[in-house]
Structure formats: structure tokens, C-alpha cells
Amino acid sequence: MTIPKLIHIRNGKRNFIRFSGKPKMIVEVWQFDNREDMFEAIETTQDEMNRIGLDLYYKFDYQDAYYLFVVTQFLNENDARKLLKIDDTLIYIANWYIHQCINKNL
């Protein structure tokens, strides 16, 4: 049996996606009702993201909701060096999340 490349994990009201492709990572999904709150969250967490070296996120809006996909952890430290493809990977993860978790209401 093949292990799925993407797994949705819910912890209370928090949503995470485990991506087992390259680079392997954990992405947290933050959802907002308006664009201003999303940009405020980015500003609020920017210093912390810079401090830990994970200034990696992707903004996505869909059906009057705003989503921020934030890389919270690389599962393999060597994968953190593979950042050239990270934007494409986060777009892939965001599209998967919208299709699987939002549209199918999972």
C-alpha cells in the first residue's frame, strides 16, 4: 500500500497538512474571514518566522474566506535546503486542501 503524499490532520480547531513529498514538511492552515486579518497575522508572526528561519507561507482566497498556508516544520533538516520548489509545492498543497477538505467538507 502506498502512503498518501498529503494527509489532513485536525487538532481541535487547528488544521495541519503533512506533506510527504519533497521537501517533507508540516503546513498549518490558518483561515480568516477578511483579508485585513490575514495580513495582520502575517505582520504579527513575521519576526518569529524570521527568527526561526521559516518565512514560508502561501496566501489563498476562496469563496469569501482567506487562507494562509504556513510551513511550520521540515521533517528532514536537509529538506529545508530545497526551497527552490517550495512555492510550487505550497500551491499544490493549497489546491489539494481546498478540493479535499473544503469542497468535500472533510
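Coordinates for the structure precede this section.
Residues numbered from 1 in each chain as written. Predicted model: local features only at pLDDT ≥ 70, side-chain atom pairs only at ≥ 80, totals over all residues. Heavy atoms only, no water.

Undergrad: What's the story with the pattern of salt bridges in this structure? I'm lost.
TA: When the charged atoms of two side chains lie near each other, side chains of opposite charge can form a pair. A full pass over the atoms with the stated rule returns two salt bridges. A salt bridge links arginine 14 to glutamate 28; its shortest N-O distance comes to 2.8 Å. Remark: glutamate 28 occurs in strand β3 (residues 25–32) and arginine 14 occurs in strand β2 (residues 14–19); sequence separation between them is 14 residues. Among the residues examined, arginine 14 registers a relative accessible area of 44% and is labelled partly exposed. The class of glutamate 28 is buried, set by a relative accessible area of 8%. (Salt bridge = Lys/Arg side-chain N within 4 Å of Asp/Glu carboxyl O. Helix = DSSP H or I, 4+ residues; strand = E, 2+ residues; numbered from the N terminus. Buried < 20%, exposed > 50% of the residue type's maximum accessible area, 1.4 Å probe, protein only.)

Undergrad: Sorry, what's going on with the packing of aromatic side chains here?
TA: Two aromatic rings are characterised by how far apart their centres lie and by the angle between their planes. Scanning the entire structure with this criterion turns up five aromatic pairs. With a centroid separation of 6.3 Å and 70 degrees between ring planes, the pair formed by phenylalanine 19 and tyrosine 92 is classed as edge-to-face. In this pair, phenylalanine 19 sits in strand β2 while tyrosine 92 sits in helix α2 (residues 86–103), placing the two residues 73 residues apart along the sequence. The class of tyrosine 92 is partly exposed, set by a relative accessible area of 43%. Centre to centre, the rings of phenylalanine 69 and tyrosine 97 are 5.7 Å apart; their planes meet at 80 degrees, and the pair counts as edge-to-face. Here phenylalanine 69, found in strand β5 (residues 65–74), pairs with tyrosine 97, found in helix α2; they are 28 residues apart in sequence, far enough to count as distant. Its relative accessible area of 3% is what places tyrosine 97 among the buried residues. Taken together, Tyr67, Phe69 and Tyr97 form an aromatic cluster joined through their ring pairs. (Phe/Tyr/Trp six-rings, centres within 6.5 Å; stacked < 30°, edge-to-face > 60°.)

Undergrad: How should the environment of arginine 35 be read in this particular structure?
TA: Position of arginine 35 among the secondary structure elements: in helix α1 (residues 35–52). Overall, arginine 35 belongs to the partly exposed group, its relative accessible area being 37%. Considered as a pair, arginine 35 and aspartate 61 are 26 residues apart in the sequence and their alpha carbons are 8.5 Å apart. Not counting residues up to four positions away in its chain, the partners in contact with arginine 35 are Asp61 and Tyr66. (Contact = heavy atoms within 4.5 Å.)

Undergrad: Would you take a moment to explain a negative patch on the surface for this structure?
TA: Judged by side-chain charge, Asp33, Glu36, Asp37, Glu40 and Glu43 come together as a negatively charged surface patch. Position of aspartate 37 relative to the elements: it lies in helix α1. According to the relative accessible area criterion, aspartate 37 is partly exposed, its value standing at 37%. (Patch = residues over 30% accessible without salt bridge, like charges linked within 9 Å, V, L, I, M, F, W, Y side chains within 5 Å. Areas by Shrake-Rupley, 256 points an atom, 1.4 Å probe, with all protein chains shown as cover. Lys, Arg positive; Asp, Glu negative; His and termini not counted. Charge placed at Lys NZ, Arg CZ, Asp CG, Glu CD.)

Just distances and angles here, no functional claims.
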